Amino acid sequence: MGCSAGGLAALQRVLPALDRRLAVPIVVCCHTGSADVSLLVEILARVSALPVVEAAERAPADPGVVHVAPSGYHLLVEPNAHFSLSVDARVTYARPSIDVLFETAADAWQGGLVAVLMTGANSDGATGLKAVRHAGGYAIVQDPLSAESDVMPRAGLDIAGADACLPLDQIAQRLNELCIP
């Protein structure tokens, strides 16, 4: 999942609606503008149906856990479904970058990946979403009309398109349908 401006409120609506039986990792990249992501993790943990942790270098992408990208680092998914961190240059003015997360997750999980692009004030995530769809993954974009800031979802739709363009309150339901056998 990727989001920026308005992302905290969006995540606070999506994460509680996820089914506790989800047996897939949930990875979140939210541009917080903060040097410390621990507050975001704490806030999301209060409302999430699943445990929420800060993603760490070399840690596995555990199923049934929400992993939040740390501030100041790009979060990458390696082919062995473990995380790595990078201090490479900002992408679309952001580090962590949604594009970097989506592109590496697409390489790791191919057609098994479901990517969600939500509210945000820049185009980060759109190129990554294109990589997800090219790898056979499924792309969900928040309906721009339901986004606090519509720039990010509109860029996603313009550059990558979507398998589903949904209002915020329908995103968790679609994830549950796609990810629970």
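Residues numbered from 1 in each chain as written. Predicted model: local features only at pLDDT ≥ 70, side-chain atom pairs only at ≥ 80, totals over all residues. Heavy atoms only, no water.

Visitor: Looking at this structure, I do not really get the overall build of the protein chain. What am I missing?
Guide: For the protein chain, the count of helices and strands is 6 helices and 9 strands. In terms of C-alpha radius of gyration, the protein chain reaches 14 Å, essentially the compact-globule figure of 16 Å for 181 residues. In terms of its C-alpha atoms, the protein chain occupies a principal-axis envelope of roughly 35 × 35 × 30 Å. Out of the 181 residues in the protein chain, the part that is buried amounts to 51%. (Helix = DSSP H or I, 4+ residues; strand = E, 2+ residues; numbered from the N terminus. Rg over C-alpha atoms; globule rule 2.2 N^0.38 Å. Buried < 20%, exposed > 50% of the residue type's maximum accessible area, 1.4 Å probe, protein only.)

Visitor: For this particular structure, what's the right way to read the pattern of salt bridges?
Guide: Side-chain pairing between opposite charges can occur once the charged atoms of the two side chains come close. Considering all chains together, one arrives at 7 salt bridges under this definition. Measuring nitrogen to oxygen at the nearest pair gives 2.7 Å for the salt bridge that ties aspartate 169 to arginine 13. Within this pair, whereas aspartate 169 is found in helix H6 (residues 168-179), its partner arginine 13 is found in helix H1 (residues 7-14), the two being separated by 156 residues in sequence. A salt bridge links aspartate 163 to arginine 133; its shortest N-O distance comes to 3.3 Å. Here arginine 133 lies in helix H4 (residues 126-134) and aspartate 163 lies in the loop between helix H5 (151-159) and strand E9 (164-166), a separation of 30 residues in the sequence. (Salt bridge = Lys/Arg side-chain N within 4 Å of Asp/Glu carboxyl O.)

Visitor: I would appreciate a short explanation of H1 in the present structure.
Guide: The periodicity of an α-helix, 3.6 residues per turn, causes residues three or four positions apart to be oriented the same way. Among the residues of H1, those classed as buried are Gly7, Ala10, Leu11 and Val14. The arc that holds the buried residues of H1, viewed along the axis, is 95 degrees, so those residues lie on one side. Against the buried residues of H1 lie strand E1 (2-3), strand E2 (26-30), helix H2 (38-47) and H6. (Arc of directions from axis to C-beta. Contact = heavy atoms within 4.5 Å.)

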